[in-house]
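Fold and geometry: a report
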Amino acid sequence: MIDWGTILSNKTKVKAVQKFAHSEGTGKELTSSFANTDGSGEVRALLRTHGVTYGRRLARKALKRRGY
């Protein structure tokens, strides 16, 4: 289970996830934007277990449900 609360904890992280979710950024860019943060493990787990394509869909769903 992905902890989206950790991933979407501040504005800069939300912008990075929005960029990834709308195909403006790659999976590697997403992981590098979360490097050395609390959410780095969650992002790597998301991409490792679900892959980039399904990860984008999950990110869009999480953003939509949280009103971003």
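Residues numbered from 1 in each chain as written. Predicted model: local features only at pLDDT ≥ 70, side-chain atom pairs only at ≥ 80, totals over all residues. Heavy atoms only, no water.

Looking at the protein, pLDDT values average 97 and 100% of them are 70 or higher. Of all secondary-structure elements in the protein, the lowest mean pLDDT belongs to helix α1 (residues 4–7), at 96, while helix α2 (residues 11–21) reaches the highest, 98. (pLDDT = per-residue confidence, 0-100. Helix = DSSP H or I, 4+ residues; strand = E, 2+ residues; numbered from the N terminus.)

Structurally, arginine 56 is set in helix α4 (residues 40–65). Accessibility expressed as a relative area gives 15% for arginine 56, which makes it buried. With 10 residues separating them along the chain, arginine 56 and leucine 46 place their C-alpha atoms 9.7 Å apart. Setting aside its immediate chain neighbours within four residues, arginine 56 contacts Phe20, Ala21, Ser23, Gly25 and Thr26. (Buried < 20%, exposed > 50% of the residue type's maximum accessible area, 1.4 Å probe, protein only. Contact = heavy atoms within 4.5 Å.)

On to the environment of phenylalanine 20. For phenylalanine 20, the location among the structural elements is in helix α2. Given the relative accessible area of 1%, phenylalanine 20 is considered buried. Spatially, the C-alpha atom of phenylalanine 20 lies 14 Å from that of histidine 50, the residues being 30 residues apart in sequence. Other than its neighbours up to four places away in sequence, phenylalanine 20 contacts Gly25, Thr26, Gly27, Leu30, Leu47, Val52, Gly55, Arg56 and Ala59.

This next bit is on α2. Every α-helix winds through 3.6 residues per turn, so residues three or four apart in the chain are directed the same way. All of the buried residues in α2 are Lys13, Val14, Ala16, Val17, Phe20 and Ala21. The buried residues of α2 occupy an angular sector of 160° when projected down its axis, which confines them to one face. Away from its buried face, by an angle of more than 90 degrees, α2 presents the exposed residues Lys11, Thr12 and Lys15. Looking one or two residues past α2, serine 23 carries a phi angle of roughly 60°, positive in sign. (Arc of directions from axis to C-beta.)

Moving on, we come to the packing of α2 against α4. Orientation of α2 relative to α4, taken along the N-to-C sense of each, is 110°, at an axis distance of 8 Å. Relative to α4, α2 is oriented roughly perpendicular. Contact with α2, carried on its side by Val14, Val17, Gln18, Phe20 and Ala21, involves Leu47, Val52, Gly55, Arg56, Ala59, Arg60 and Leu63 of α4 and no other residues of that element. Grouping the amino acids of the contact of α2 with α4 by side-chain chemistry returns 8 nonpolar, 2 polar and 2 charged. (Axes fitted to C-alpha atoms, helices over the stretch in contact; angles between N-to-C directions. Parallel < 35°, antiparallel > 145°, perpendicular 65-115°, else oblique. Nonpolar A, V, L, I, M, F, W, Y, C, P; charged D, E, K, R; others polar.)

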